[in-house]
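Structural description and commentary
Here is how the chains run, residue by residue.
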Amino acid sequence: MSWELRNVHAIPTEPIGSIPRPVDLIERIAGSDSEDPNEDPELSPFYEDAIRETIERLEATGSPVVTDGEQRKYGGFCTYCVHGLPNTAPDGFIIPFADGHTRRLSRLTRGPFRYRRYADGYLDIAMRYAHVPVKQAVISPSALSLMYPAERIPGYSREQFIEDLLREHETEIRRCLNKGAHKVQVDFTEGRLAVKIDPSGHLLNSFIDLNNLALSRFSPDERRRIGVHTCPGNDLHSTHSADVDYAELLPSLFELKAGNFYIALAGERDRRHVLTIIRKYLKPDRRIFVGVIAPIDARIESPEEVRDRVLEASEYIPIEQLGTTDDCGFSPFFDNTSTSRDTAFAKIQARVRGTALAANVIGARS
Ligand SMILES: [Zn+2]
């Protein structure tokens, strides 16, 4: 087995995005007098330290691709771009988790809809510190579409809103691609939730159609750098839609015109059942990053365990279309400290090492 042979079979591995923020940073944010801690200059150096340390520690795991750990996504993965908008109210869509706790989106009160910030601002900072490619996660148009109220906004139609939303989302992705993001990952956790809310599949299909309107604005080359993440939610060790069978989601999900899919798998009850569905609906020229680490589980996986999960997935997914990831970010909402930073980095290191072990096994076979 030559080194070259092994290298031919290198399996890409990427994080999803979030790493728990340092407890000190969360406490400082909680104690900030500022209406929008994103823009509190006193907090700036603490955010900066958190980002620098996150990238250093991610690189120390051997991770070939890093993120900023979403240290600056104040509020969380879903609302960072709209947090602090004057034309919103806090009583928007409720995300119910299995353990009874909820998270809530804001509600749009009047038009026009504009982002307050684009994620490429995070990329600017991360790229100052990173020595390896940086990926950037953004929120999906379908998640933000939930901000438009059912009773409609006088003088600002849903159609106008969707047009503004798609333009803002496209702008955000283009800014990230132009700045050299390794990948732009569209977070689509509400896909599986949509099946739970509406088992008929209508809501899911409306989400797929909306997100495809956005993806259609990009060239095939650009879409190779765009991915979609699906998961059953991950907050305070709880999920929002883990009981929804992937058979109800994946056939529609794979209609999305994205080049990459990041699919939570490690925490599934029956991984082979999911892999069978992936094999059936997988299209050519798509890369499937399967989750081999479960952030929801406090236990740290061993590299050997990860290796075996990758080998299992390789029975169903052609090796040239296979990648690995974590099932979700480690702290999608900024104030969640249910997983420690040390645990997150240890789990990521297991993913990186286990993926390399699997690549070696596959390389030795060929
Ligand atoms: Zn997720």
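Description of the structure in this document. (Residues numbered from 1 in each chain as written. Predicted model: local features only at pLDDT ≥ 70, side-chain atom pairs only at ≥ 80, totals over all residues. Heavy atoms only, no water.)

**Points about the overall build of the chain**
Check the secondary structure of the chain and you find 13 helices and ten strands. Here the C-alpha atoms of the chain give a radius of gyration of 20 Å, agreeing with the 21 Å that 2.2 N^0.38 yields for 366 residues. Along the first, second and third principal axes, the C-alpha atoms of the chain reach 65 × 45 × 40 Å. The long-range share in the chain, meaning contacts at least 24 apart out of those at least 6 apart in sequence, stands at 80%. For the chain, the centre of its 46 positive side-chain charges and the centre of its 54 negative side-chain charges are spaced 4 Å apart. (Helix = DSSP H or I, 4+ residues; strand = E, 2+ residues; numbered from the N terminus. Rg over C-alpha atoms; globule rule 2.2 N^0.38 Å. Contact = heavy atoms within 4.5 Å. Lys, Arg positive; Asp, Glu negative; His and termini not counted. Charge placed at Lys NZ, Arg CZ, Asp CG, Glu CD.)

**A few points about the coordination of the zinc ion**
Those donors, His229 (NE2), Cys231 (SG) and Cys328 (SG), are the protein atoms that reach the zinc ion, and they lie 2.2 to 2.3 Å from it. Read in sequence order, the donor residues coordinating the zinc ion give the pattern H-x1-C-x96-C. Remark: Cys328 occurs in the loop between strand 10 (322-326) and helix 13 (341-365) and Cys231 occurs in the loop between strand 7 (226-230) and helix 10 (250-253); sequence separation between them is 97 residues. As far as the burial class goes, Cys231 and Cys328 line up, both buried. (Donors = N, O, S within 2.8 Å, 3.2 Å for Na, K, Ca; no water. Buried < 20%, exposed > 50% of the residue type's maximum accessible area, 1.4 Å probe, protein only.)

**A closer look at the packing of aromatic side chains**
Per the stated rule, a full pass over the model turns up eleven aromatic pairs. Look at Phe77 and Phe333: their rings are 5.4 Å apart centre to centre, the planes differ by 80 degrees, and that puts the pair in the edge-to-face class. Residue Phe77 is found in the loop between helix 3 (44-60) and strand 1 (88-89), and its partner Phe333 is found in the loop between strand 10 and helix 13; the two are separated by 256 residues along the sequence. You can call Phe333 buried: its relative accessible area is 8%. Through pairs of rings, three or more aromatic residues link up here, namely Phe113, Tyr115, Tyr118, Tyr148 and Phe161. Taking the ring centre of Tyr262 as reference, the NZ or CZ of Lys135 above it sits at 3.7 Å. (Phe/Tyr/Trp six-rings, centres within 6.5 Å; stacked < 30°, edge-to-face > 60°. Lys NZ or Arg CZ within 6 Å of the ring centre and 35° of its normal.)

**A few points about the sheet that holds strand 7**
Strand order across the open sheet formed by six strands is 5-6-7-8-9-10, with parallel pairing between neighbours. What marks the edges here is a single partner per strand, and that holds for strand 5 (136-139) and strand 10. Ignoring strand direction, the axes of neighbouring strands in this sheet form an average angle of 30 degrees. Two strands pair when backbone bridges link them, and strand 9 (residues 287-293) and strand 10 are joined in this way by five bridges, in the parallel orientation. Residue Val290 lies in a different strand from strand 10, and its bridge partner there is Thr324. Docked against the sheet, helix 6 (residues 158-178) engages strand 5, strand 6 (184-187) and strand 7, running at close to 175 degrees with respect to strand 5. (Pairing = 2+ DSSP bridges. Axes fitted to C-alpha atoms, helices over the stretch in contact; angles between N-to-C directions.)

**Examining the packing of helix 2 (residues 23-30) against helix 3**
Taken N-terminus to C-terminus, the directions of helix 2 and helix 3 make an angle of 155 degrees; their axes are 10 Å apart at the nearest point. Between helix 2 and helix 3, the angle is such that the two are roughly antiparallel. Crossing geometry of helix 2 relative to helix 3 is assigned as left-handed. Where helix 2 approaches helix 3, its residues Asp24, Leu25, Arg28 and Ile29 are matched on the opposing element by Phe46, Tyr47 and Ala50. When the residues that make up the contact of helix 2 with helix 3 are grouped by side-chain class, the tally is five nonpolar, no polar and two charged. (Parallel < 35°, antiparallel > 145°, perpendicular 65-115°, else oblique. Left-handed = near helix turned anticlockwise from the far one by under 90°. Nonpolar A, V, L, I, M, F, W, Y, C, P; charged D, E, K, R; others polar.)

**Things to note about helix 4 (residues 120-129)**
Turning to helix 4, its buried residues number three or more, namely Asp120, Tyr122, Leu123, Ile125 and Ala126. Elements that come into contact with the buried residues of helix 4 comprise helix 3, strand 5 and helix 6.

**So, the environment of Arg341**
Structurally, Arg341 can be placed in helix 13. Overall, Arg341 belongs to the buried group, its relative accessible area being 10%. Taking the C-alpha atoms as reference points, Arg341 and Gly323, separated by 18 residues in sequence, lie 24 Å from one another. Ignoring anything within four residues of it in the chain, the contact list for Arg341 reads Ile19, Pro20, Arg21, Pro22, Ala50, Glu53, Thr54, Arg57 and Gln71.

**Remarks on the packing of helix 3 against helix 4**
The contact between helix 3 and helix 4 brings their axes to 9 Å, and the two run at 55 degrees. The orientation of helix 3 with respect to helix 4, classified from their angle, is oblique. Note on packing geometry: the crossing formed by helix 3 with helix 4 is right-handed. Contacts between helix 3 and helix 4 involve Glu48, Ile51, Arg52, Ile55 and Glu59 on the former and, on the latter, Ile125, Ala126, Arg128 and Tyr129. Considered class by class, the residues forming the contact of helix 3 with helix 4 number five nonpolar, no polar and four charged.

**A short note on the pattern of salt bridges**
Across all of its chains, the model carries 37 salt bridges by this definition. Salt-bridge contacts for Arg52 lead to Glu56; the nearest nitrogen and oxygen are separated by 3.6 Å. Of the two residues, Arg52 and Glu56 both sit in helix 3, four residues apart, roughly one turn of that helix. The partly exposed category is assigned to Arg52, whose relative accessible area is 30%. Measuring nitrogen to oxygen at the nearest pair gives 2.6 Å for the salt bridge that ties Asp221 to Arg224. Overall, Asp221 belongs to the exposed group, its relative accessible area being 52%. One salt-bridge network, in which partners are shared between bridges, spans Asp36, Glu39, Arg116 and Arg117. (Salt bridge = Lys/Arg side-chain N within 4 Å of Asp/Glu carboxyl O.)

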